[in-house]
Amino acid sequence: PLPSAMALAIPGHGGGEANKTAGQLIGSPPLPPPSVLDGFPDPERIEQRRKEYLKSLQEQVRQQVHTLTQKHQANLEYLRAKNDQCKRQAHASIDQELVKQEMEVDR
């Protein structure tokens, strides 16, 4: 009789050991593939970051509204001061014209 393939196998190079290892690999459950979501933040973290970003935007809006309000007030004060100056100049001019007319009448 011819020797079997097992008998011809060289120790450490296949043969019975290969079958034993293959049997263990076949019998053990396969490893699951890595998740495609590995490295992505979880929904709770996303929600937390969304809330932080929203809070940041609200703070920026608050600061910009404050700045615009200050600029608006400064513009109003400037316009009022300019208006008061124009009124004083107009009154002075009218008063000067009145004095001139009175002097002409007194002649």
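Scroll up for the structure.
Since the structure is predicted, the reported quantities are computational estimates derived from the model, not experimental observations.

*Asks:* Now, about the overall build of the protein chain: what can you tell me, with residues and values included?
*Replies:* Scanning the protein chain from terminus to terminus reveals 3 helices and 0 strands. For the protein chain, the succession of helices and strands along the chain, N to C, is α-α-α. By residue count, 0% of the 107 residues in the protein chain fall in the buried class.

*Asks:* Could you give me a rundown of the pattern of salt bridges, with the residues and numbers involved?
*Replies:* Oppositely charged side chains can form a pair if their charged atoms are brought close together. Tallied over the entire structure, the rule returns 2 salt bridges. In this structure, Glu47 and Arg50 form a salt bridge, with 2.7 Å as the shortest nitrogen-oxygen distance. A residue pair is termed a helical-turn pair when its members lie 3 or 4 positions apart in one helix, as Glu47 and Arg50 do in helix H3 (residues 43-106) at 3 residues. Between Glu59 and Arg62 there is a salt bridge, and its shortest N-O distance comes to 2.6 Å.

*Asks:* Could you give an account of a nonpolar patch on the surface, naming the residues involved and the relevant values?
*Replies:* Among the surface-exposed residues, Val36, Leu37 and Phe40 lie close enough to one another that they form a single nonpolar patch of about 380 Å² accessible area. Relative to the helices and strands, Leu37 resides in the loop between helix H2 (16-27) and H3.

About the criteria used
- Positions within a chain are numbered from 1, following the residues in the order the chain's sequence is written.
- pLDDT decides what is reported in this predicted model: residues at 70 or higher carry local features, side-chain atom pairs at 80 or more are listed and counted, and totals for whole chains, interfaces and linings draw on all residues regardless.
- Side-chain metrics in this entry use all non-hydrogen atoms of the structure; hydrogen atoms and water are not considered.
- Helical segments are the DSSP runs of H or I of at least four residues, strand segments are the runs of E of at least two, and each set is numbered from the N terminus.
- Working definition: with a 1.4 Å probe on protein chains only, accessible area under 20% of the residue-type maximum means buried, over 50% means exposed, and in between means partly exposed.
- A side-chain nitrogen of Lys or Arg and a carboxyl oxygen of Asp or Glu constitute a salt bridge if their distance falls within 4 Å.
- Residues with no salt bridge and a relative accessible area higher than 30% make up the patches, which join like charges within 9 Å and nonpolar side chains (Val, Leu, Ile, Met, Phe, Trp, Tyr) within 5 Å.
- Note on areas: Shrake-Rupley, 1.4 Å probe, and residue coverage restricted to the protein chains presented here.

Spatial relationships are all this shows, so hold off on functional conclusions.
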